[in-house]
Amino acid sequence: MSSETSENRNWKTWQDWTNLVLGVLLALTPLFAEFGKGSTWAVVMGIIIAVVAIWSLATASSKASEWVQIIASAFTFFTPWFGGFSGGSGAWWTWVLAVVAVILAATTLSSSDQK
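All values derive from a computational prediction rather than experimental measurement.

With that settled, the discussion passes to the packing of helix α2 (residues 14-28) against helix α3 (residues 39-58). Taken N-terminus to C-terminus, the directions of α2 and α3 make an angle of 160 degrees; their axes are 7 Å apart at the nearest point. The angle between α2 and α3 places the two elements in the roughly antiparallel class. The interaxial crossing formed by α2 with α3 has left-handed handedness. Taking contact as the criterion, the partners of D16, W17, N19, L20, G23, V24, L26 and A27 in α2 are, on α3, A42, V43, M45, G46, I47, I49, A50, A53, I54, S56 and L57.

Structure representation (structure tokens):
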């Protein structure tokens, strides 16, 4: 892969930009959704997803960052049970955002495999 192609891809993958927005949104959901005492889990996992998305954006050719995004997002799916907020609207936000983040990271990983 030429350095020009790699340089041009940095900061341009829409999936990683979307995951950055999803991470920020997840970190902010305790402001508008019902989490109870488990809101810390949502904030922490939202920050992790956002930071990994920035890593993915900065290193567009890195498959490791996409795998970490998949793992972090998959773990996020289970945080409503760990955090004790599986009965509130915050759980639904967490589940939806986690699934979308996994799908987007997987599509980015899949498209990088084809190049």
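Next comes the rest of the account.
Confidence in the prediction of the protein, expressed as mean pLDDT, is 86, and 89% of residues score 70 or more. Here residues 1-6 scores under 50 on pLDDT; set against residues more than four positions off or in separate chains, the count is two contacts.

All told, the structure shown has one cavity of 30 Å³ or more when counted by the stated rule. Along the walls of the largest cavity sit L22, G23, L26, I49, T76, L97 and A98, which together make up its complete lining. Residue assignment for the lining of the largest cavity shows that the elements contributing at least two residues are α2 and α5 (89-113). The element contributing the most residues to the lining of the largest cavity is α2, with three residues.

Glancing now at the packing of aromatic side chains. Tallied over the entire structure, the rule returns twelve aromatic pairs. Ring geometry for F35 and F85: centres 4.7 Å apart, planes at 55 degrees, overall tilted. Note that F35 is positioned in the loop between α2 and α3 and F85 in the loop between α4 (63-83) and α5, a separation of 50 residues in sequence. Comparing F35 with F85, the two get one shared label, buried. With a centroid separation of 5.2 Å and an interplanar angle of 35 degrees, the aromatic rings of W81 and W95 are classed as tilted. Placement of W81 in helix α4 and of W95 in helix α5 is noted, with a sequence separation of 14 residues between them. Given the relative accessible area of 48%, W81 is considered partly exposed. Accessibility expressed as a relative area gives 12% for W95, which makes it buried.

Quick notes on the rules
All residue numbers here refer to positions counted from 1 along the written sequence of the relevant chain. Given that the model is predicted, a residue must reach a pLDDT of at least 70 before its local features are reported, and side-chain atom pairs must reach 80 or more before they are shown or counted; all residues, however, enter totals for whole chains, interfaces and linings. Based on all heavy atoms of the structure, the side-chain values leave hydrogens and waters out of the count. Here, axes are lines fitted to C-alpha atoms. For helices the fit covers the stretch in contact, and angles between N-to-C directions go from 0 to 180 degrees. Helix and strand assignments come from DSSP, with helices taken as H or I runs of at least 4 residues and strands as E runs of at least 2, each series counted from the N terminus. Oblique is the label for every angle not falling under 35 degrees (roughly parallel), over 145 degrees (roughly antiparallel), or within 65 to 115 degrees (roughly perpendicular). Should the near helix be turned counterclockwise from the far one by less than a right angle, the crossing is left-handed, whereas a clockwise turn marks it as right-handed. Pairs of residues are marked as contacts when any of their non-hydrogen atoms sit within 4.5 Å. How sure the predictor is of each residue is captured by pLDDT, a score from 0 to 100. The pocket and cavity definitions rest on a 1 Å grid over protein atoms only: a 1.4 Å probe that fits but cannot leave marks a cavity, an open set with protein on both sides within 12 Å along at least five of seven lines marks a pocket, and residues lining either have an atom within 4 Å of a point. Grid points are joined across faces, edges and corners, and a volume is the space filled by probe spheres set on the points. Any two of the Phe, Tyr and Trp rings considered here, Trp counted by its six-membered ring, make a pair once their centres fall within 6.5 Å; the pair's planes then place it as stacked at under 30 degrees, edge-to-face at over 60, or tilted in between. Classification of residues uses two cut-offs on accessible area relative to the type maximum, computed with a 1.4 Å probe and protein chains only: under 20% is buried, over 50% is exposed, and between them is partly exposed.

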